[in-house]
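Listed here are the chains, written in short residue letters.
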Amino acid sequence: MANIDVKQDPAVSNEPAIDITGMNKWYGDFHVLRDINLSVYRGERIVICGPSGSGKSTLIRCINRLEQHQSGRIVVDGIELTDDVKKIDEIRREVGMVFQHFNLFPHLTVLENCALAPIWVRKMPKAEAERAAMKYLQRVKIPEQAAKYPGQLSGGQQQRVAIARSLCMNPKIMLFDEPTSALDPEMIKEVLEVMVDLAQSGMTMLCVTHEMGFARQVANRVIFMDQGQIVEQNSPQLFFSNPKSERTKLFLSQILH
Amino acid sequence: MSTLSPSVAWVRDEEAPRLPPPPNMTGIAGWIGANMFPNWYNGVLSVLFLLFIAMVVGNLIDWALLKAVFVADDRTACVASPEGACWAYVRAKFAQWIYGFYPIDQRWRVNLAFLLGIGGLIPMLIPRIPYKRETVLYLLFIFPIATLILLTGGHFQFSAASWISVLVSLLIFAAIMLALSFGAGLLARGAALRIVGIVAAVVIAIMIILSVDFGLNPVETSQWGGLLVTLVVAITGIVASLPLGILLALGRRSDMPAVRVFSVVFIEVWRGVPLITVLFMASVMLPLFLPAGVNFDKLLRCLIGVALFSSAYMAEVVRGGLQAIPKGQYEAANALGLTYWQSMGLIILPQALKIVIPGIVNNFISLFKDTTLVSIIGLFDLLGIVQSGFQDPKWASPQTGASGYFAAAVLFWMFCFLMSRYSMFMERRLTTTHRR
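Residues numbered from 1 in each chain as written. Chains lettered and ligands numbered in written order. Predicted model: local features only at pLDDT ≥ 70, side-chain atom pairs only at ≥ 80, totals over all residues. Heavy atoms only, no water.

### Focus: helix H4 (residues 87-99) of chain B
All names here are of chain B.
1) Next: Taking 1.5 Å per residue as the helical rise, H4 with its 13 residues ought to reach 18 Å, and the 19 Å between its terminal C-alpha atoms agrees with that figure.
2) Next: At Lys93, H4 shows its maximal kink, close to 50°.
3) Next: Buried residues in H4 make contact with helix H2 (40-66), helix H5 (107-125), helix H9 (226-252), helix H16 (382-389) and helix H17 (400-430). (Helix = DSSP H or I, 4+ residues; strand = E, 2+ residues; numbered from the N terminus. Expected span 1.5 Å × (residues − 1). Bend = angle between axes of the 7 residues up to and from the residue. Contact = heavy atoms within 4.5 Å.)

Rendered as structure tokens:
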């Protein structure tokens, strides 16, 4: 795939945070990801969009090995993903993930949800982990819910807790897997605000979403996927104003009214 | 947009009043009206059923209280009242029901063991009391060993053969753990070595403690009986089956074929065999397979059989809980970098076990009652000893059997009901999914 000149941004470095080359993945006989080549530079905010079933979620789930790829290379933060459990754990410590359905732990309070991984994975003392957790809950603007259980919160609040939970591990890269798709319309904004704030702080972000306003506002690259391939990538301005491929045009005409 | 006709357009200009519910929804009269006499045929059924209950309860009171014999030295009074329960017999035999044929001057040891157990259970079961970890360690290690020494008298003489078989088992265990960690990468190497070291040290320490002479008279397990045997078998089964069942359930869902096949075969074999067969195998056939010189106590063999049998059942209950946990929970735990054991121990199992509390307690209760089967291999559990007392010519009367069985049923029911109530209490306490 030809290299596309992405928007120059002083926050983006030349050092790749994620480097995917010639990656393929199959579910049984079905070839879900075909010849994926993608380099994500530190500080980049990438939005991945495409019709459902195009492999966008599968792609970002390969980056922290929730899905296995069968050929090609994925290098995350200088570590190549293989079957080595230790390396997988090492990568997962540095890569945060936010899911469509939040996946908070319902038997733990909001604070415990956030402090759990720092305590057990980073071996942080409990008090320190809880202090850090409060800091991130503050940042997603729900410190007052710390003692509640996830089931007592609204969807938007739960998703913000999920973001805080990932941030508590101090990740270098954040993956968002359709973070607003399961939310009621009036709650999407509060989650997007947190994500914009995070993007402005310089976090490397890969975000599968259909929130095109978000893509315009913070992304420095938009990737369009269809049928398991990366079809087009460009800066958001050019992507939206001047899509090259027919499939992109069709997709955009369907989601932008 | 079309205009609505004036008859459809409408605006509420006064609040509808908030009224109390109609009287037939509240109060005792309302409840009876709604639930017992909502229409004529349900009313007839209610009356008939109330009459039936009154009849049964009346007869029961008649038998158990009015015509019953409470105090007597032998059968004479009970024979004279053939339509009332013979509680005097129950009173006379009660101590034997509890202790079996345990020597009367040594019964304090059983009492002390009961006290030690209750002393651990109460702080364990009441959530408010702190030091849960210490209590669990006490209940899992100190209490069983203390009880074993108290009840048997300790001072075990382990033969060379038993030492060798223990050491061989430890070596096999170490090999499995090391294979799991170095080969399969399922465990951190340090953790594997630590677990092997701790288990070996604990096993050897236990064997040494057991061989110390505390100056207690030895009491053969053949002299144990009654509630003592019932509780020993049930508690051992319960305590052993839960962790074993959890491991088997995790094994059955493991990605590693060897672990999965082992778990499946183990579960299906033990679950496919009746408990009576297991007990017969344990008492008659197991000794044939063991090396000469290694001789297990009959009760111990039965305990092992019961524990393995119930762990197979427990495994399937736990597996049900594991399958009920959404995939997203596993993924979130993985994405945070938790290891397999951390995500199981911190995320998956706490939720899965909470879901299957009713199933787990169901197993506990059925295990408690299944202990009555040990009487077929010549151990006298509570029911067995109640039955054996019927042969006593001193107490032979028309109502001796009925009174004995009734009292035994009440005893069993009390234990099972307590377990059931406690589990419901825990279920309510652990609920965190209350929606707003």
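### Details of the domain arrangement of chain B
One widely used convention gives an interface's size as the accessible area the parts lose upon coming together.
All names here are of chain B.
1) Next: Looking at chain B, the domain boundaries give domain 1 (23-66), domain 2 (67-102 + 388-431) and domain 3 (227-379).
2) Next: Each of domain 2 and domain 3 has a C-alpha centre, and these two points are 32 Å apart.
3) Next: Each partner contributes to the interface: domain 2 provides 13 residues, whereas domain 3 provides 14 residues.
4) Next: Together, Phe412, Phe415 and Met419 form the three largest contributors to the area buried by domain 2 at its contact with domain 3, with a combined 40%.
5) Next: There are 0 salt bridges connecting domain 2 and domain 3.
6) Next: The tally of links between domain 2 and domain 3 comes to 4 residue pairs in polar contact (both at pLDDT 80 or more). (Domains from an automatic or database assignment. Buried area = accessible area lost by both parts, 1.4 Å probe. Salt bridge = Lys/Arg side-chain N within 4 Å of Asp/Glu carboxyl O. Polar contact = N/O pair within 3.5 Å; in protein donor to acceptor, adjacent residues only side chain to side chain.)

### Here's the deal with the side chain of Thr135 of chain B
Residue and element names in this part refer to chain B.
1) Next: Mapped onto the elements of the fold, Thr135 is located in helix H6 (residues 132-152).
2) Next: Within the local environment of Thr135, its side chain forms a polar contact with the backbone oxygen of Tyr131, the two atoms lying 2.5 Å apart.
3) Next: Other than its neighbours up to four places away in sequence, Thr135 contacts Gly120, Pro123, Met124 and Pro130.

### Overview of the environment of Leu290 of chain B
1) Next: With respect to the helices and strands, Leu290 of chain B occurs in the loop between helix H11 (275-289) and helix H12 (298-324).
2) Next: By relative accessible area, which is 24% here, Leu290 of chain B ends up partly exposed. (Buried < 20%, exposed > 50% of the residue type's maximum accessible area, 1.4 Å probe, protein only.)

### Some details on helix H4 (residues 126-139) of chain A
Residues and elements named next belong to chain A.
1) Next: For H4, which comprises 14 residues, the first-to-last C-alpha distance of 20 Å matches the rise-based estimate of 20 Å (1.5 Å per residue) to within 8%.
2) Next: All buried positions along H4 are accounted for by Ala129, Ala133, Tyr136 and Leu137. Looking straight down H4, one finds that the buried residues subtend no more than 105° of arc, so they occupy a single side. The outward face of H4, more than 90 degrees from its buried face, is lined by the exposed residues Ala127, Arg131, Lys135 and Gln138.
3) Next: Of the surrounding secondary structure, the elements contacted by the buried residues of H4 are helix H3 (110-120) and helix H5 (155-167).
4) Next: Downstream of H4 by one or two residues, Lys141 has phi in the positive range, about 65°. (Arc of directions from axis to C-beta.)

### Some points on the interface of chain B and chain A
1) Next: Facing the 22 residues of chain B at the interface are 27 residues of chain A.
2) Next: Summed over both sides, the interface of chain B with chain A buries roughly 2200 Å², with 60% coming from carbon and sulfur.
3) Next: Three residues, Ala335, Leu336 and Thr432 of chain B, lead the burial of chain B against chain A; their summed loss comes to 26% of the area buried on that side.
4) Next: Applying the counting criterion to the chain B and chain A interface returns 1 salt bridge.
5) Next: With its nearest N and O atoms 2.6 Å apart, the salt bridge here joins Arg61 of chain A to Glu331 of chain B.

### Some thoughts on the packing of H5 of chain A against helix H6 (residues 185-200) of chain A
All names here are of chain A.
1) Next: One can describe the packing of H5 onto H6 by two numbers: an axis separation of 8 Å at closest approach and a directional angle of 20°. As the angle between them shows, H5 and H6 are arranged roughly parallel. Note that H5 runs across H6; the crossing there is right-handed. Contacts between H5 and H6 pair Gly155, Gly156, Gln157, Gln159, Arg160, Ile163 and Leu167 from the former with Met187, Glu190, Val191, Val194, Met195 and Leu198 from the latter.
2) Next: Across the contact of H5 with H6, the residue classes tally to 7 nonpolar, 4 polar and 2 charged. (Axes fitted to C-alpha atoms, helices over the stretch in contact; angles between N-to-C directions. Parallel < 35°, antiparallel > 145°, perpendicular 65-115°, else oblique. Left-handed = near helix turned anticlockwise from the far one by under 90°. Nonpolar A, V, L, I, M, F, W, Y, C, P; charged D, E, K, R; others polar.)

### What about the packing of helix H14 (residues 340-355) of chain B against helix H15 (residues 357-370) of chain B?
Residues and elements named next belong to chain B.
1) Next: Two elements in contact, H14 and H15, have axes whose closest approach is 4 Å; the angle formed by their N-to-C orientations is 65°. On H15, the residues that touch Leu353, Lys354 and Ile355 of H14 are Ile357, Pro358 and Ile360.
2) Next: When the residues that make up the contact of H14 with H15 are grouped by side-chain class, the tally is 5 nonpolar, no polar and 1 charged.

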